[in-house]
Amino acid sequence: MSDGYIAAFMPVFNFATSDTSSTYPWIIKTQVLLNTSYFLNKERLEASVTDGSNVGHFPPNATLYSPVAHEFGHYLSFLALMKNHRLNSILLVDSKNVNDFYEVYSDFGEGNFSLQMINEAYENYKNDTNTTLTLDEWRGTISKYALAKDNKGNYIWDETIAEAFHDVYLNKDSAKDASKYVVKVLKSKLGS
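Residues numbered from 1 in each chain as written. Predicted model: local features only at pLDDT ≥ 70, side-chain atom pairs only at ≥ 80, totals over all residues. Heavy atoms only, no water.

### Quick look at helix α4 (residues 98-110)
Piece 1. Taking 1.5 Å per residue as the helical rise, α4 with its 13 residues ought to reach 18 Å, and the 18 Å between its terminal C-alpha atoms agrees with that figure.
Piece 2. For α4, the full list of buried residues reads Val98, Phe101, Val104, Asp107 and Phe108.
Piece 3. If you follow the buried residues of α4, they end up packed against β1 (7-17), β2 (26-34), α3 (66-84), β3 (92-93), α5 (112-129) and α7 (157-171).
Piece 4. Remark: Gly111 follows α4 within two positions and exhibits a positive phi of approximately 80 degrees. (Helix = DSSP H or I, 4+ residues; strand = E, 2+ residues; numbered from the N terminus. Expected span 1.5 Å × (residues − 1). Buried < 20%, exposed > 50% of the residue type's maximum accessible area, 1.4 Å probe, protein only. Contact = heavy atoms within 4.5 Å.)

### A look at the nonpolar core
Piece 1. Judged by nonpolar contacts, the single largest core of 36 residues is most densely connected at Ile28, Phe78, Ile90, Phe101, Met117 and Trp138.
Piece 2. Among residues more than four places away in sequence, those in contact with Ile90 are Pro11, Val12, Ile28, Thr30, Phe78, Met82 and Phe101. (Core = buried A, V, L, I, M, F, W, Y, C linked by side-chain atoms within 4.5 Å.)

### Focus on α7
Piece 1. Spanning 15 residues, α7 covers 22 Å between terminal C-alpha atoms, matching the ideal 21 Å at 1.5 Å per step.
Piece 2. Most of α7 is tucked away: 13 of the 15 residues are buried.
Piece 3. Phi turns positive one or two residues past the end of α7, at Lys172, with a value near 45 degrees.

Rendered as structure tokens:
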């Protein structure tokens, strides 16, 4: 990871292993990382968040809590993915669940489940509104970061979900419609 991030979600961190890394069990942590160069410098964090919100990189009304809210959106998306794969926990990985663990980890990296949730939300929106917006235009109403791409130019689908959660967390009823639709699907996948 570069020093340029404000906060980051890491779904899998190998916290501990048995005597050798090739045997089980593995103890896995899921974590949100906070960059101390921002979080220990309130003025820097505030300036970055305010600037990001003003240029549309973040949803409107971003606050000092916004980076954490965004990363929490990733965490909730990851929990929904685990539920979809019928995997209750990744805390302890052993020979009985290692294949399920790798399926979830791979799916999160590829963004398949995230894209599925976004497509479901978009279809629901289209059915309710008869919109002429394309999927990308619709996602872009949330924020510019909802359209983030990786170094290869591929969309990072989960950024749309994290930004939608971020928007609903910040703006509640005033959040963008796209955000509300995405969060509604996310809630349904979480079972709430």
